[in-house]
Amino acid sequence: MPAKPAKPVLGGRDKVKVAIAQKSPVFMNLDASVERAEGLIAEAGRNGAQLVVFPEAWLAGYPYWTEGWDSVLPQWAGGRILFRDNALVVPGEQAERVAHAARKAGTYVVLGCNEMDSRPEVSTVYNSLIFFAPDGSILGRHRKLMPTFTERMFWGQGDASDLVVFDTDIGRLGGLICGEHLMTLVRASMIAQGEDIHVAVFPGAFELHTGPQLEEPEKMGCFWGHFEVRAHAFEAGAFVVSACAALNDADVAADFPYKGRMNIGYANGGSEVVAPLGIALAGPTYGEAMVYAELEAWMIKATKAIVDTMGHYARPDVLRLLMRRDAGWVQLGGARELSPLRAVITDDALKRAAEARDVDSDKVIEIAEGVRRAAG
């Protein structure tokens, strides 16, 4: 059996099976949606998925309605109260149920959700991705940095502490939310952290140029998310698991304040899995479905032999990327180390070389130790 490469991709696996849960949540019903998520995670696990991805704000629903100073007060208050009361708190009972489902299925889970800040003095809700590991632990989260357009009335802003890539046994895993894929430097930061698998989540597949509404269901394959995630796959030399929401109107309660007044026509899926060359392996798929694909490690290796954007295709002497961390501004994808590599020579090797040349081996080792200390 051939040895595994010293620097593997996909955690050293030849392939990783992924699933997208392009299924409707029970809109603005946290407990019922968690119960549905438990079933979907179990189903994906039975089908061999090692990663399950849920779309943007899947738990427990994207705010597809419009608000303004002329909103009807009881309608506005009712919608807002439900939006808050059905946000996920981490840690919390519902998050633990999802973690338990991931543990039972033995799979990683990336869950798009409305996340309530857990601090007692804060009531801000964020558009978040929560990353669950197969042992039931939470790897971390990512909060959307810049809510788009009217989303700013619903969600707070994330920060750089959540702009991370997780090193897992299925590969280096990261993710961004919808319009963040239009933020060039944000995508560059994910590439600079060495993603193998990138999760992209959206509230559906929509077109912005057709009218009469600003967001119209995709009719001509012109959803901007498709070409953004395909570009990211090629630029990162990574797989992209792109999850688009599907919402069934029957899953919106009859007494929901905005029932019949939400723009949900485009919440009809459009999920796809994209290979590192920017070619779709699965999808786009429409309607409610579980979307599966197998990610094969050789595709990353072959693509990066052509274009390695943080390696031989980088010019750090011309351009560099800085990210704000707790310690201050940190350079991502730093300049190449130009100093020569130092060989690691053991004392046993020195002793053998000295004896072969009839030289005092203790003296040779003493001199070598002095050189090591001087070199730091």
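Whatever comes next refers back to the structure up there.
Draft legend 1. Broad picture of the packing of helix 1 (residues 30-46) against helix 3 (residues 93-105). Interaxial distance between helix 1 and helix 3 falls to 9 Å at its minimum, and their mutual angle equals 10°. Taken together, the axes of helix 1 and helix 3 lie roughly parallel to each other. Between helix 1, through Leu30, Asp31, Val34, Glu35, Glu38, Ile41, Ala42 and Gly45, and helix 3, the contact on the second element is made entirely by Gln94, Arg97, Val98, Ala101, Ala102 and Ala105. Broken down by class, the residue content of the contact of helix 1 with helix 3 amounts to eight nonpolar, two polar and four charged.

Draft legend 2. Examining the layout of surface pockets more closely. In this model, the largest pocket occupies a volume close to 700 Å³. Every residue lining the largest pocket is counted, 31 residues in all, and those nearest its centre are Thr66, Phe149, Thr150, Leu214 and Glu215. Tallied by class, residues from the lining of the largest pocket come to 17 nonpolar, nine polar and five charged.

Draft legend 3. The arrangement of a nonpolar patch on the surface in detail. Residues Phe234, Leu277, Ile279 and Ile306 make up a contiguous nonpolar surface patch of about 390 Å² in total accessible area. Positionally, Leu277 belongs in the loop between strand 13 (269-274) and strand 14 (280-286). Accessibility expressed as a relative area gives 44% for Leu277, which makes it partly exposed.

Draft legend 4. Expanded view of the packing of aromatic side chains. Summed over the entire model, instances satisfying the criterion amount to 20 aromatic pairs. Geometrically, the ring pair formed by Phe27 and Tyr64 is tilted, given 6.5 Å between the ring centres and 35° between the ring planes. Taken together, the residues span a long stretch of sequence, with Phe27 in the loop between strand 1 (15-22) and helix 1 and Tyr64 in the loop between strand 2 (51-53) and helix 2 (73-85) at a distance of 37 residues. Grouping residues by exposure puts Phe27 and Tyr64 together as buried.

Draft legend 5. Summary view of empty space enclosed by the protein. According to the stated counting rule, one finds one cavity of 30 Å³ or more in the structure shown. What the largest cavity holds in volume is close to 60 Å³. In terms of residue class, the lining of the largest cavity is built from nine nonpolar, one polar and one charged.

Draft legend 6. Here's a closer look at the side chain of Glu216. With respect to the helices and strands, Glu216 occurs in strand 11 (residues 216-217). Judged by its relative accessible area of 9%, Glu216 is buried. Excluding residues that lie within four positions of it along the chain, Glu216 makes contacts with Ala205, Phe206, Glu207, Thr210, Gly211 and Tyr266.

Draft legend 7. Broad picture of the sheet that holds strand 9 (residues 197-202). One open sheet accounts for six strands, arranged 7-8-9-12-13-14; its pairing is mixed. Both outer strands of the open sheet, strand 7 (166-168) and strand 14, are each paired with one neighbouring strand and no more. With strand direction ignored, the average angle separating the axes of adjacent strands in the sheet is 20°. Summarising the sheet, strand 7 and strand 8 (residues 171-177) pair through three bridges and their orientation is antiparallel. Bridged to Phe166 within strand 8 is Leu173. Strand contacts of helix 5 (residues 224-236): strand 9, strand 12 (239-244), strand 13 and strand 14, with the helix running at about 15° to strand 13, the strand carrying the most contacts.

Draft legend 8. Examining the pairing of strand 9 more closely. Burial analysis of strand 9 places six of its six residues in the buried class, the great majority of the element. Side-chain alternation along strand 9 places Ile197, Val199 and Val201 on one buried face and His198, Ala200 and Phe202 on a second face that is also buried. Pairing geometry for strand 8 and strand 9, over five bridges, is parallel. The residue of strand 9 that forms the bridge with Ile177 is Val201. Between strand 8 and its parallel partner strand 9, the chain crosses via helix 4 (residues 184-192), and the hand of that crossover is right-handed. For strand 9 and strand 12, the ladder comprises six bridges, and the chain directions are parallel. From the neighbouring strand, Val199 faces strand 12, where its bridge partner is Val241.

Draft legend 9. Representation of the packing of helix 4 against helix 5. Relative orientation of the contacting elements helix 4 and helix 5 amounts to 35°, with a least axis distance of 10 Å. In the packing of helix 4 onto helix 5, the handedness of the crossing is right-handed. Of helix 5, the residues touching helix 4 (which contributes Arg187, Met190 and Ile191) are Glu228, His232, Glu235 and Ala236. Tallied by class, the residues present in the contact of helix 4 with helix 5 amount to three nonpolar, one polar and three charged.

Procedures and definitions
Residues numbered from 1 in each chain as written. Predicted model: local features only at pLDDT ≥ 70, side-chain atom pairs only at ≥ 80, totals over all residues. Heavy atoms only, no water. Axes fitted to C-alpha atoms, helices over the stretch in contact; angles between N-to-C directions. Helix = DSSP H or I, 4+ residues; strand = E, 2+ residues; numbered from the N terminus. Parallel < 35°, antiparallel > 145°, perpendicular 65-115°, else oblique. Contact = heavy atoms within 4.5 Å. Nonpolar A, V, L, I, M, F, W, Y, C, P; charged D, E, K, R; others polar. 1 Å grid on protein atoms, 1.4 Å probe; cavity = no way out; pocket = protein on both sides within 12 Å on 5 of 7 lines; lining within 4 Å. Points joined across faces, edges and corners; volume = space filled by probe spheres on them. Patch = residues over 30% accessible without salt bridge, like charges linked within 9 Å, V, L, I, M, F, W, Y side chains within 5 Å. Areas by Shrake-Rupley, 256 points an atom, 1.4 Å probe, with all protein chains shown as cover. Salt bridge = Lys/Arg side-chain N within 4 Å of Asp/Glu carboxyl O. Buried < 20%, exposed > 50% of the residue type's maximum accessible area, 1.4 Å probe, protein only. Phe/Tyr/Trp six-rings, centres within 6.5 Å; stacked < 30°, edge-to-face > 60°. Pairing = 2+ DSSP bridges. Right-handed = clockwise from strand over helix to strand, strands pointing away. Left-handed = near helix turned anticlockwise from the far one by under 90°.

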